[in-house]
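A structural walkthrough
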Amino acid sequence: MKFSDIVQQLDLTTEKSSLKPFPERDPEITAVTPVQAGTAGTISYIEGQKFQAYVATTESSALILPEDPEMQAQASDRGLAWVSMAEPRWGFAQALALFYQPYQPHPGIHPTAVIDESVQLGKNVTIGAHVVIHPDAVIGDDVCIHANVVIYPQTAIGDRTVLHANCVIHEHTQIGADCVVHSGAVIGSEGFGFILREGRWVKIPQSGRTILEAEVEVGCNTTIDRPSVGETRIQANTKLDNLVHIGHNCQIGPSCVMAAQVGLAGQVETADHVILGGQVGAANQTSIGANVQAGAKAGLHGKIAPGSIVMGNPASPYRTFLKSSAIYNRLPQMQHTLKELQQQVATLQQQIETLNP
Amino acid sequence: MKFSDIVQQLDLTTEKSSLKPFPERDPEITAVTPVQAGTAGTISYIEGQKFQAYVATTESSALILPEDPEMQAQASDRGLAWVSMAEPRWGFAQALALFYQPYQPHPGIHPTAVIDESVQLGKNVTIGAHVVIHPDAVIGDDVCIHANVVIYPQTAIGDRTVLHANCVIHEHTQIGADCVVHSGAVIGSEGFGFILREGRWVKIPQSGRTILEAEVEVGCNTTIDRPSVGETRIQANTKLDNLVHIGHNCQIGPSCVMAAQVGLAGQVETADHVILGGQVGAANQTSIGANVQAGAKAGLHGKIAPGSIVMGNPASPYRTFLKSSAIYNRLPQMQHTLKELQQQVATLQQQIETLNP
Amino acid sequence: MKFSDIVQQLDLTTEKSSLKPFPERDPEITAVTPVQAGTAGTISYIEGQKFQAYVATTESSALILPEDPEMQAQASDRGLAWVSMAEPRWGFAQALALFYQPYQPHPGIHPTAVIDESVQLGKNVTIGAHVVIHPDAVIGDDVCIHANVVIYPQTAIGDRTVLHANCVIHEHTQIGADCVVHSGAVIGSEGFGFILREGRWVKIPQSGRTILEAEVEVGCNTTIDRPSVGETRIQANTKLDNLVHIGHNCQIGPSCVMAAQVGLAGQVETADHVILGGQVGAANQTSIGANVQAGAKAGLHGKIAPGSIVMGNPASPYRTFLKSSAIYNRLPQMQHTLKELQQQVATLQQQIETLNP
């Protein structure tokens, strides 16, 4: 694909680019690469200070640049093709989509799939080998279910949703349209509810259900439990990474992002656009406001005010955490100073007593 | 079901209830709900200060109350049906069981299951589609094995145990009666044992086995390793949540509870009734006494005395941890105070020198 | 097997042993056991101070001892057979291999496996029941693929590699020779890459691939993502425990070891022989030098110098961490001392003012 075709397909023809001064500079592009690994015939992008220096050295033939005249001039001087835009990473994502077609198995139902006759199948579904679908499931149009997935009874899978290999959807779960459930994830399993009776743990029946709204993405081997009563709900466009645990009755807002190995205990609530770093944990009934960001490994509990950026366990505002954690390593010295001061003050007290008449 | 029927089935007829003063107040109950989400025709329960206020506002028709005359009077005044008991949550669990029947597939062996002819099958077993059972497994009576489970050779599964979809039971594993293994869990896999020889890691054969005693519950995608020699053992009635890791040779006592994402390294021992919060970790050879409770994210090592409540990493008694973590955020101020004091003391020292003859 | 046969097979005939003074002391050995659980007819090993005392009490018939004349004399006095070597644990590993044959299913392709006709199969492969292999996979010689594994298209599996039950290998993944992927692991799944557009997260295509070099071992339910462009790579002989997460574009050096529940965010790099304890996390773009060791639960970011031993979050040199964490619990007392000093200094200041003329 010519560079000029990419500019056109990304709808960037009205942006600044090398095509106006140098229309003949229109290399054939065959791949999208990171700028540090660019080769002739590839297009890359520059975003952030760290990568700026690569404009002078990259071997990519074309660049998606930020709106920075200096970088643009530098790219022109090196004979590179370039186009600029406010968010080059978005251009990169779109360019990638021009070159990369995700694997899409042929539609149709594999003869080894075991599908109960009560199951309602939408149009144009893809159901892989050895899939098992129990009674009363409703599968939407254009759904793709990869090999060895198991779907328990009385579930619903929305249009265009993809379930990757070996994941398990438990009874009563409802998954919206345009969701992606990655390999090995388990959704709607029994919440962890027991009651101690005469020294033995007895299970509380887990009669509730789990609901994923539209455009939710669930990472590999992530687990989302259902509650004893009521719902566990993940609102639209929320994205969960691998090995995340979401406990019973959690109510997760829309467009949240949780990195790998986050764990939410029962009844955690979040508003929208919450971002949790890797290995963050939240205690039972934690309530997290809109746009909160929690650094990796933070331990959350109670109420976290909207817009907060927190770190540490228990979590504090990130400035406080950064200051305190910097001092943490000086604790031995602080303790030493404290002892010195105690001695000095004791000496002063003696001296003053001596001076007093 | 009438409210009075529920009282009878829960064996609460001798407890205080609204039925004695108001026998005609006997609503038809169709579901169990949390008190905050109650509607006409549902029964809820009240336990703990947080929920007490709902007696005045809930729209549930019936309540399971604690032994508190004030709440009981308030419920009577609002025209609600109620029954009281020492542990209302236990009443709730029992009431749920009256209304909710967990999914139970039809007994029988699905024709797509691949079962070695040496396998011994008990009476009335349920074996789902695409299950694979390798040689010399012994499957007890009334066992339910869901779709796509794989059982390696020379294993035993006790009576009435349930293995959910896509879990894997490795060679030599023994699982007791009345256990539940949730979807995607892996039991009896090779311990993580290597030895460094001339700069390369060489595997130590993992010839031991994993044993789960009766009534053990293993969460989704949880992993329990077997050792190089000897046993990894989980004693009766212990409950593990999702994504937990139990290392080789661990010896876990009876009736313990481990929340999601707990990780135990090799050779960890616990006594009974240990409770570990989410994301707790324990180092190699940690020894944990009876009734220990560890807060979420605690890091355990060495010996933890019976009955301790610990938090933090490395774990400390919880009171110490709470005090210290509260002060942690004041470290910058403490450091500032320390510098001020140093200056003040230096000034005092000079002044005293001046005063001295 | 006679004790003398074990000495011969372990190639220890030139080492010091009980066979020279007592050639007739040559018990029949039927198993390898931990020294604390030894019984007649078993062989055990002694390594480390903790286990030294067992020489006096073990009921094992034979011991692999360190090069310690005192222990050797003690074993001789008790009538035990023994052989000494520099690394007794290595002898133990080798002795185990003499007695334990890991489960190896019969070679051949199970009739229920679904293998695309474009797949290239090596010689002597074992493919279990219900395995699914998508188009254009290349499977090496002597590969063993256990039941219910799913392999997406355009992958390569090296000679003698073992894929345990229910694991998933995603498109474009390349796995080297002599690797082991344990049950439930997912390799080459989509990296967690989204870009926020008008308040909604939009997926960045994940067109890269994941590469495992030779002798890599991947634990149960561990997940390794592929990147949007480029490669995620694990170099030869690196060993990952269960429930580990490796993010997109990570470049892991050779002969590293990561304990259970370690999580690496995107673009983490390590040199060789890095050892990460359980639940360690590393932030985006962390760069970890050769031979670094990180204690359990450490939080890594930035650059970690080769040979460092670090602990804590954020991670510090372990000596600093141990000192600071010891003082952490004395923070309440330090705060109290600080207040006392403030009062004492104030009093001194007043007294000096009074003294001044």
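Residues numbered from 1 in each chain as written. Chains lettered and ligands numbered in written order. Predicted model: local features only at pLDDT ≥ 70, side-chain atom pairs only at ≥ 80, totals over all residues. Heavy atoms only, no water.

Details of the overall build of chain A
Going by this rule: For helices the rule is a DSSP run of H or I covering at least 4 residues; for strands it is a run of E covering at least 2, with both sets numbered from the N terminus onward. Computation of the radius of gyration draws on C-alpha atoms, with the globule rule given as 2.2 Å multiplied by the number of residues to the power 0.38. Burial here depends on accessible area, computed with a 1.4 Å probe over protein chains only, as a share of the maximum for the residue type. Under 20% is buried, over 50% is exposed, and the range in between is partly exposed. Whether two residues are in contact is decided by their heavy atoms: any pair within 4.5 Å suffices. Using the Shrake-Rupley algorithm and a 1.4 Å probe, accessible areas are obtained, with residue cover drawn only from the displayed protein chains.
The secondary structure content of chain A amounts to six helices and 38 strands. At 28 Å, chain A has a C-alpha radius of gyration far larger than the 21 Å of a compact globule built from 357 residues. With respect to the three principal axes, the spread of C-alpha positions in chain A is 100 × 75 × 30 Å. Taking all 357 residues of chain A together, 56% fall into the buried category. Considering only residue pairs separated by 6 or more positions, chain A has 18% of its internal contacts joining residues 24 or more positions apart. As displayed, chain A offers around 14,000 Å² of accessible surface, 50% of which is attributable to carbon and sulfur atoms.

A short note on the packing of aromatic side chains
Heads up, the rule is: Here the aromatic set is Phe, Tyr and Trp, taking the six-membered ring for Trp, and pairing holds for ring centres within 6.5 Å; pairs whose planes are under 30 degrees apart are stacked, those over 60 apart are edge-to-face, and all others are tilted. Charge-over-ring contacts are defined here by two conditions on Lys NZ or Arg CZ: a distance within 6 Å of the ring centre and an angle within 35 degrees of the ring normal.
Applying the stated criterion to the full structure yields 15 aromatic pairs over all chains. Ring plane angle 75 degrees and centroid distance 6.0 Å describe the contact between A:Tyr103 and C:Tyr152, whose orientation is recorded as edge-to-face. Highlighted residues: A:Tyr103 in the loop between helix 4 (88–99) and strand 5 (108–109) and C:Tyr152 in the loop between strand 12 (150–151) and strand 13 (156–157), drawn from two different chains. Judged by relative accessible area, which is 23%, A:Tyr103 ranks as partly exposed. Geometrically, the ring pair formed by A:Phe192 and A:Phe194 is edge-to-face, given 5.2 Å between the ring centres and 80 degrees between the ring planes. Relative accessible area serves as the criterion here: at 9%, A:Phe194 is assigned to the buried category. Joined through ring pairs, the aromatic side chains of A:Tyr328, B:Tyr328 and C:Tyr328 make up one cluster. Looking at A:Arg25, its charged tip hangs above the ring of A:Phe22, at a distance of 4.0 Å from the centre.

Digging into the side chain of B:His146
Which entries qualify depends on this criterion: Polar contacts, as counted here, are pairs of nitrogen or oxygen atoms within 3.5 Å of one another; within protein the pair requires one atom able to donate a hydrogen and one able to accept it, and residues that are adjacent in sequence qualify only if both atoms are side-chain atoms.
By secondary structure assignment, the location of B:His146 is in the loop between strand 11 (144–145) and strand 12 (150–151). Given a relative accessible area of 4%, B:His146 falls into the buried group. There is a polar contact of 3.3 Å between the side chain of B:His146 and the side chain of A:Tyr152. In this structure B:His146 touches A:Tyr152, B:Tyr103, B:Pro105, B:Gly128, B:Val131, B:Val162, B:Leu163, B:His164 and B:Ala165, once residues within four positions along its chain are discounted.

Side note on the interface of chain A and chain C
Convention followed: Each reported salt bridge corresponds to a side-chain nitrogen of Lys or Arg within 4 Å of a carboxyl oxygen of Asp or Glu. Under the scheme applied here, ten amino acids are nonpolar (Ala, Val, Leu, Ile, Met, Phe, Trp, Tyr, Cys and Pro), four are charged (Asp, Glu, Lys and Arg), and all others, including Gly, are polar.
With 64 residues of chain A at the interface, the matching set in chain C holds 78 residues. Run the count over chain A and chain C and you get three salt bridges. The tally of links between chain A and chain C comes to 38 residue pairs in polar contact (both at pLDDT 80 or more). Counting only elements with at least two residues in the side of chain A that touches chain C, the list comes to helix 4, strand 25 (239–240), strand 28 (257–258), helix 5 (318–328) and helix 6 (331–355) of chain A. The leading source of residues in the side of chain A that touches chain C is helix 6 of chain A, at twelve residues. Classifying every residue of the side of chain A that touches chain C by side-chain character gives 33 nonpolar, 23 polar and eight charged.

A look at the sheet that holds strand 37 (residues 309–311) of chain A
All names here are of chain A. Put simply, the test is: Strands qualify as paired when DSSP identifies two bridges or more between them.
Pairing within the open sheet is mixed, and its twelve strands lie in the order 5-8-11-14-17-22-25-28-31-34-37-38. Since the sheet does not close on itself, it has two edges, and those belong to strand 5 and strand 38 (316–317), each with one partner. Judged from the two bridges that link them, strand 25 and strand 28 form a sheet pairing that is parallel. Across the sheet, Lys239 pairs through a bridge with Val257, a residue of strand 28.

Thoughts on the interface of chain B and chain C
Counting residues at the interface gives 78 residues for chain B, matched by 64 residues for chain C. The tally of links between chain B and chain C comes to three salt bridges. Among the salt bridges present, the one from B:Arg200 reaches C:Glu215, with a minimum N-O distance of 2.8 Å. Where chain B meets chain C, there are 38 residue pairs in polar contact (both at pLDDT 80 or more). Among the elements of the structure, strand 18 (186–190), strand 19 (194–197), strand 20 (200–203), strand 23 (223–226), helix 5 (318–328) and helix 6 (331–355) of chain B are those that each provide at least two residues to the side of chain B that touches chain C. Considering each element in turn, the side of chain B that touches chain C owes the most residues, eleven residues, to helix 6 of chain B. A breakdown of the residues in the side of chain B that touches chain C according to their chemical character gives 37 nonpolar, 31 polar and ten charged.

Remarks on the domain arrangement of chain A
Test applied: Residue ranges for the domains originate in an automatic or database domain assignment.
The domains assigned to chain A are domain 1 (3–99) and domain 2 (108–319). Put simply, the middle of domain 1 of chain A and the middle of domain 2 of chain A, counted by C-alpha atoms, are 38 Å apart.

A closer look at the sheet that holds strand 22 (residues 217–218) of chain C
Residue and element names in this part refer to chain C. If you walk across this open sheet you meet the twelve strands as 5-8-11-14-17-22-25-28-31-34-37-38, and the pairing is mixed. Every other strand in the sheet has two partners, leaving strand 5 (108–109) and strand 38 (316–317) as the edge strands with one partner each. One ladder, built from two bridges, connects strand 31 (residues 275–276) with strand 34 (residues 293–294); its direction is parallel. The partner of Leu276 across the bridge, within strand 34, is Ala294.

Section: the state of the cysteines
Counted only if it meets this: Working definition: a disulfide is two cysteine sulfur atoms within 2.5 Å of each other.
Counted by the stated rule, this structure contains zero disulfides over all chains. Between B:Cys256, a free cysteine, and B:Cys250, which holds the nearest cysteine sulfur, the sulfur-to-sulfur gap is 11 Å. Unpaired in terms of disulfides, C:Cys179 finds its nearest cysteine sulfur in C:Cys167, a separation of 12 Å.

Concerning the relation of the copies chain A and chain C
Note the following rule: Residues reaching a pLDDT of at least 70 in both copies supply the C-alpha atoms on which the copies are superposed by least squares.
By a simple turn and slide, chain A fits onto chain C: the slide is 0.0 Å along the axis, the RMSD is 0.1 Å, and the turn is 120 degrees. Both copies of the chain, as the preceding transformation shows, are related through a three-fold rotation axis.

Points about the side chain of A:Arg25
All names here are of chain A. What counts here: Think of it this way: Lys and Arg go in the positive column, Asp and Glu in the negative one, and His and the chain ends go nowhere.
The topology assignment puts Arg25 in the loop between helix 1 (3–9) and strand 1 (31–32). For Arg25, which is buried and forms no salt bridge, the nearest opposite charge comes from Glu24, at a distance of 5.2 Å. Engagement of the side chain of Arg25 in a polar contact is seen with the backbone oxygen of Leu80, the distance being 3.0 Å. Setting aside chain neighbours within four positions, we find Arg25 in contact with Phe3, Leu19, Ala75, Ser76, Gly79, Leu80 and Ala81.

Observations regarding the pattern of salt bridges
Enumeration according to the criterion identifies 30 salt bridges over all chains in this entry. With a shortest N-O distance of 3.0 Å, B:Arg233 and B:Glu231 are connected by a salt bridge. On the basis of relative accessible area, B:Arg233 is assigned to the partly exposed category, the value being 23%. Taken together, the salt bridges that share partners define one network made up of A:Glu171, A:Glu190, A:Lys203, A:Arg226 and B:Glu217.

A closer look at the environment of C:Gly219
Residue and element names in this part refer to chain C. Mapped onto the elements, Gly219 comes out in the loop between strand 22 and strand 23 (223–226). A residue is classified by how much of its surface remains accessible, and Gly219, at 2% relative accessible area, is buried. When the C-alpha positions of Gly219 and Lys239 are compared, they lie 8.1 Å apart, and in sequence the two are 20 residues distant. Other than its neighbours up to four places away in sequence, Gly219 contacts His182, Ala185, Leu240, Asp241 and Asn242.

Considerations on the pairing of strand 3 (residues 62–65) of chain A
Residues and elements named next belong to chain A. Alternating positions in strand 3 separate into two faces, Ala62 and Ile64 on one and Leu63 and Leu65 on the other, with burial throughout. Strand direction decides the pairing type here: strand 2 (residues 42–45) and strand 3, joined by three bridges, are parallel. Its bridge partner being in strand 3, Ser44 is matched across the sheet by Leu63. As paired elements, strand 3 and strand 4 (residues 81–84) share four bridges and run parallel to each other.

Observations concerning the pairing of strand 20 of chain B
All names here are of chain B. One ladder, built from four bridges, connects strand 19 with strand 20; its direction is antiparallel. Residue Arg197 lies in a different strand from strand 20, and its bridge partner there is Arg200. Hairpin connection of strand 19 to strand 20: two residues between the antiparallel strands, including Glu198 at a positive phi of 50 degrees.

A closer look at the UniProt feature "active site" (unreviewed entry) in chain A
All names here are of chain A. Cut-off, in case you're wondering: UniProt positions are given in the numbering used here, feature names are shortened, and annotations may be inferred rather than shown by experiment.
Within this structure's numbering, the places UniProt gives as "active site" (unreviewed entry) are His248. Topologically, His248 is positioned in the loop between strand 26 (245–246) and strand 27 (251–252). Each residue touching His248, except ones within four places of it in the same chain, is listed here: Gly191, Phe192, Asp225, Arg226, Pro227, Thr232, Gly266 and Gln267. Here Asn249 takes part through its side chain, which lies 3.2 Å from a polar atom of the side chain of His248.

Some details on the packing of helix 5 of chain B against helix 6 (residues 331–355) of chain C
Quick note on the threshold: Fitted lines through C-alpha atoms serve as axes, helices being fitted only where they are in contact, and the angles separating the N-to-C directions of these axes extend from 0 to 180 degrees. Comment on the angle field: the value is read as roughly parallel under 35 degrees, roughly antiparallel over 145, roughly perpendicular from 65 to 115, and oblique elsewhere.
Running from amino to carboxyl end, helix 5 of chain B crosses helix 6 of chain C at an angle of 55 degrees, the nearest separation of the two axes being 8 Å. Overall, the two elements helix 5 of chain B and helix 6 of chain C adopt an arrangement that is oblique. Each of B:Lys323, B:Ser324, B:Ile327 and B:Tyr328 in helix 5 of chain B lies in contact with helix 6 of chain C, whose residues at this interface are C:Leu331, C:Pro332 and C:Gln335.

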